[in-house]
Structures are given as C-alpha cells and as structure tokens.
Amino acid sequence: MTLQISDWRLLKLTLDQVGPFQDAIQTFNFRGIASPEAPDPAPASLYMLLAKNGHGKTTVLESIHGLFGLMANPPIGRFADAAHKGQAQVDIRAEWTIDGKTQTTLLSIWTGSQSHLVDWTDDLESAQAQQWATLNLTQTNGVISFGRGTNDLGRLLFEEIRAAQGTAPTELFGLSQELPTVMLFPADRRLVAPSEYRVIERPKGWGYQPAQTFASDGPVWAESIDNLLIWLEWLDDGRLGELIAYLNAEIFAEDRKAIRPPRRAELKTFVATPTGEHGLEQLSHGERALLQLYARTASHMTRNTILLIDEVDTHLHSKWMNRLLLALKQLLVKNAQLSIIFTTHNRELMKVFDHQAQEAGIVKGGYLIEDDLS
C-alpha cells in the first residue's frame, strides 16, 4: 500500500500522571477560539499556551513531541525513557490517501496504557473523521512494540515513517517531504560559536524524522547553523540562496545587516554590518534565537509539521517579539498544513497575540493553565 497525507491537524492531547498533571486526567483541545459565529471552531493553526513557570507548559510540548518520538529509530523524547511513568495520548485529524482512496482519518497515538485514554469509537463524527487509526506504542530497553489496540492503519503509518527516516529533503519549507514531523524548540535556544573542528559534513538531523529537537546551537559543529549553511553551499542546488534571502528578510531587513554566503575556505558564515563583518556567534541573543528558529524550520519541516516553541519570548524584547509573531503568521499563511504551538508566562503577549482579531489564513487558539499568573 502507498500512503499520502494532507491537511494534518492536531486536535487533542490527554495526559494522566505525567509531569505536574498528577491529580486528574488533563485534556488540551487545540481548537480555535469559539464565538457566536463559530461555536465549533476548526483546529487552531496558531495556539498560545499561557501559564506561569512550573505549571506544565513544557510538559505539554514534550508530550506531543515524545509520542511522535516513539516512532523514531531509535526512539527519542520523554517517553523513550524506560523510567517514565504516566499515560499520554495525542489525536490528529488528516486526509489519508491509500492506494488512490482518500478518507478523513483520526489518528490516535498513545503510550503507558493498554487502552486508549480517549475512545473515539462512537464519536468520530465530532472529529469530522471517517475512520480511526490507532497506534499504541510501548518501549522496552529501547525497542518499540505495538501494544493492545493498535490497528492496521496505525501500523501502516508507523511502517511508512520508519521506512522514510533519514531521507534527505531536496527543497526548503517541506516541499519535498510529506510525512508528518514534530519540531520542538526548547526554551534554551542559544547560538554559540561551534568548535574549531570544521569539515564539510552532513548536519546532524539532516533527513526526515518524525520528531526533532533543536535546542542550543553549538558548540558541536554538526549541530551548528554554520554547518547547515556550509552543507547547503556544498550541495549547490539553489537552496542556500533561497534560505539566506529568507533569513535576511525576516531578521535583518530593518537593521542594515545581512548574512553573506559562507566562505568555503574558512568554513564559516559572516554577517555584514555597517561597521564590518562578524561571525554568527556575535549576533545578539534575540537575533541568534530567531536565526535558529527560522533556519531550522525552513530546512527541516515537511508539508505536515507541528512546530512547538517553548517560552517563545526567551531572549526577545518587544520589537523582536512582534517581528517573530508576524513571521510565524506569514509561515502559516504560506504553508497551510503547518501548525504552531508556543508557550509563554508573559501576559503581555496576549496583547500581541490578539486572539479576538481574525486574520486570513490563520485560526487562533489558546489555553490558560492557571488563573493567578503574575
């Protein structure tokens, strides 16, 4: 069988005895904000999770990432640890085309329990789905196996993902790859100088994965933006110029700066400024955080991507925060199958997010974990 996927939409995450969610089952519905005109809103494409520190924002993102990470080989993420306790389930709706037949499919992935946490058997209509793909994944000594409740549709997705892992992209913004991926940007997104050991080599994580993490950039050469840009320069297929133009437009358009193509002799990329040139590691904290986010998203996303950004305002003052949200919205408009979930403890972002304002091509949603935020 051949599987094609489109219109990938995150619906729900259910957690039990995971992280700070110990007292009761916690459910997060990733739909747009309801209104009299839209009492049953569509799944959100831009979702803000607001809570003060220590109340589970990171756990939510890591759980979505971790459930997909169980399909990686080897498994990665919080549920790949054999010591992990608790149960989690994520539900996604998408169009699946199998051997030329297209059906709206609800996919449920869960772990930690023999049975699903949310039973959609008699409720597929509420998810606007025609069939249910179920995938119960268990981990023993680093080996993933199918648990009770997994059906043929769930196995099909798992096998397609395992077979495609490592396949290199040939275009930016996911245009050459279709299988779903979850990209997690933890709160620590520093970009520091890579090690002096430099060589033209395939970047770490270059190639399809169902779950990816892009944390602090450097000092390991294979994990640096310098390495990514050098690799694209060596491939010489047009992507480097496209990526640099995108980065300059989104980060430096107002600041009289510009990233220049890498110098192969030095295996290093420089930024031109009114006062001279300097390496990427000399950019400001905000510029480096945005560079990491934009470059990795453009280079590693697929057509069906969930982008998770923890503490989105880390390292950013108000100018950069407004610019980042504008860039994320533009990404959503240009890539209709992309979804973005970000967390913050900063109430000021509610004004910037402006959930009541309707914007073409974007469905906004949000959730406040605690009411007593400072």
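Engineer: Go over the overall build of the protein, please, and point to the residues and values.
Structural biologist: Looking only at helices and strands, the protein has seven helices and 15 strands in total. Taken over C-alpha atoms, the radius of gyration comes to 21 Å for the protein, in line with the 21 Å a tight globule of 374 residues would show. On the principal axes, the C-alpha backbone points of the protein span a range of 65 × 45 × 40 Å. Counting contacts in the protein only where the partners sit at least 6 residues apart, residues at least 24 apart contribute 71% of the total. Carbon and sulfur atoms make up 49% of the accessible area of the protein, which amounts to about 15800 Å² in all. Counting 34 positive and 45 negative side-chain charges, the protein places the centres of these two groups 4 Å from one another.

Engineer: Explain the confidence of the model for the protein residue by residue, including any values.
Structural biologist: As a general rule, the predicted coordinates of low-pLDDT regions are not to be interpreted in detail. This prediction gives the protein a mean pLDDT of 89; 95% of its residues lie at or above 70. The secondary structure element of the protein with the lowest average pLDDT is helix α7 (residues 349–353), at 73, and the one with the highest is strand β5 (residues 101–111), at 98.

Engineer: I'd like a description of the sheet that holds strand β2 (residues 26–29), backed by residues and values.
Structural biologist: By way of backbone hydrogen bonds, the strands of a sheet pair with one another, either parallel or antiparallel. Taken together, the six strands give an open sheet; going across it, the order is β2-β1-β4-β5-β6-β7, and neighbouring strands pair in mixed fashion. The open sheet terminates on both sides in strands that have one partner only, identified here as β2 and β7 (143–146). Across the sheet, the axes of successive neighbouring strands diverge by a mean angle of 25 degrees, strand direction being ignored. Pairing between strand β6 (residues 131–140) and β7: four bridges, direction antiparallel. Note on β7: the bridge partner recorded for Thr140 is Val143. In the packing of helix α1 (residues 57–69) onto the sheet, the strands contacted are β1 (3–16), β2, β4 (87–98), β5 and β6, and the crossing angle to β1 comes to about 130 degrees. Packed onto the sheet, helix α2 (residues 152–164) meets β1, β4, β5, β6 and β7 and runs at close to 60 degrees relative to β6.

Engineer: Could you give an account of helix α4 (residues 239–252), with specific residues and numbers?
Structural biologist: With 14 residues, α4 extends 19 Å from end C-alpha to end C-alpha; this agrees with the ideal 20 Å at 1.5 Å per step. Listed in full, the buried residues belonging to α4 are Arg239, Leu240, Leu243, Ile244, Tyr246, Leu247, Asn248, Glu250, Ile251 and Phe252.

Engineer: So what's going on with the packing of α4 against helix α5 (residues 285–300)? Which residues, and what values?
Structural biologist: Contact geometry for α4 and α5: axes closest at 10 Å, N-to-C directions at 145 degrees. Between α4 and α5 lies a crossing whose hand is right-handed. Each of Leu243, Tyr246, Leu247, Glu250, Ile251 and Phe252 in α4 lies in contact with α5, whose residues at this interface are Glu287, Leu290, Leu291, Tyr294, Ala295, Ala298 and Ser299. Looking at side-chain class alone, the contact of α4 with α5 contains ten nonpolar, one polar and two charged residues.

Engineer: Before we move on, could you go through the sheet that holds strand β12 (residues 276–279) and cite the residues and values that matter?
Structural biologist: If you trace the three strands from one edge of the open sheet to the other, you get β10-β11-β12, paired in antiparallel fashion. Pairing within the sheet leaves two strands with one partner each, and these edge strands are β10 (258–259) and β12. The pairing of strand β11 (residues 270–273) with β12 spans four bridges and is classified as antiparallel. Considered in β12, the bridge of Val271 is made with His278.

Engineer: Please give an account of the nonpolar core that cites residues and values.
Structural biologist: Within the largest apolar cluster, 48 residues are counted, with the highest numbers of intra-cluster contacts made by Leu247, Tyr294 and Ile309. The greatest single-element share of this core, amounting to eight residues, is contributed by helix α6 (residues 318–334). If you look at the next biggest cluster of nonpolar residues, it comprises 47 residues, including Leu67, Leu153, Ile161 and Ile306.

Engineer: Give me the lowdown on the packing of helix α3 (residues 225–235) against α4, citing residues and values where you can.
Structural biologist: Orientation of α3 relative to α4, taken along the N-to-C sense of each, is 140 degrees, at an axis distance of 8 Å. Our classification of the angle between α3 and α4 gives oblique. Contacts between α3 and α4 pair Leu229, Leu232, Glu233 and Leu235 from the former with Arg239, Leu240 and Leu243 from the latter. Considering only residue class, the contact of α3 with α4 consists of five nonpolar, no polar and two charged.

Engineer: Tell me about unusual backbone geometry, residues and numbers included.
Structural biologist: Peptide bonds are mostly trans, and most non-glycine residues show a negative phi. In this model, Asn73 is joined to Pro74 through a cis peptide bond whose omega is 0 degrees. Structurally, Pro74 is set in the loop between α1 and β4. Unlike most non-glycine residues, Asn141 shows phi in positive territory, near 55 degrees.

Engineer: Break down the layout of surface pockets for me, with residues and values.
Structural biologist: Volume-wise, the largest pocket comes out at about 430 Å³. As for the largest pocket, its lining consists of 19 residues, and the residues nearest its centre are Lys204, Gly205, Gln212, Thr213 and Phe214. Among the elements of the structure, β9 (211–213) and α5 are those that each provide at least two residues to the lining of the largest pocket. The biggest single contributor to the lining of the largest pocket is β9, with three residues. Of the residues assigned to the lining of the largest pocket, the class counts are six nonpolar, eight polar and five charged.

Engineer: Could you give an account of the pattern of salt bridges, naming the residues involved and the relevant values?
Structural biologist: The tally for this structure, following the rule as stated, stands at 13 salt bridges. In this structure, Arg263 engages Glu277 in a salt bridge whose closest nitrogen and oxygen atoms are separated by 2.2 Å. Placement of the pair is Arg263 in the loop between β10 and β11 and Glu277 in strand β12, with a sequence separation of 14 residues. Judged by relative accessible area, Arg263 falls into the partly exposed class, the value being 31%. Between Lys268 and Glu281 there is a salt bridge, and its shortest N-O distance comes to 3.4 Å. Here the residue Lys268 occupies a position in the loop between β10 and β11, and Glu281 occupies one in the loop between β12 and α5, the gap between them amounting to 13 residues. Several salt bridges share partner residues, and in doing so they unite Arg263, Glu266 and Glu277 into one network.

Rules of the game
Residues numbered from 1 in each chain as written. Predicted model: local features only at pLDDT ≥ 70, side-chain atom pairs only at ≥ 80, totals over all residues. Heavy atoms only, no water. Helix = DSSP H or I, 4+ residues; strand = E, 2+ residues; numbered from the N terminus. Rg over C-alpha atoms; globule rule 2.2 N^0.38 Å. Contact = heavy atoms within 4.5 Å. Areas by Shrake-Rupley, 256 points an atom, 1.4 Å probe, with all protein chains shown as cover. Lys, Arg positive; Asp, Glu negative; His and termini not counted. Charge placed at Lys NZ, Arg CZ, Asp CG, Glu CD. pLDDT = per-residue confidence, 0-100. Pairing = 2+ DSSP bridges. Axes fitted to C-alpha atoms, helices over the stretch in contact; angles between N-to-C directions. Expected span 1.5 Å × (residues − 1). Buried < 20%, exposed > 50% of the residue type's maximum accessible area, 1.4 Å probe, protein only. Left-handed = near helix turned anticlockwise from the far one by under 90°. Nonpolar A, V, L, I, M, F, W, Y, C, P; charged D, E, K, R; others polar. Core = buried A, V, L, I, M, F, W, Y, C linked by side-chain atoms within 4.5 Å. Parallel < 35°, antiparallel > 145°, perpendicular 65-115°, else oblique. 1 Å grid on protein atoms, 1.4 Å probe; cavity = no way out; pocket = protein on both sides within 12 Å on 5 of 7 lines; lining within 4 Å. Points joined across faces, edges and corners; volume = space filled by probe spheres on them. Salt bridge = Lys/Arg side-chain N within 4 Å of Asp/Glu carboxyl O.

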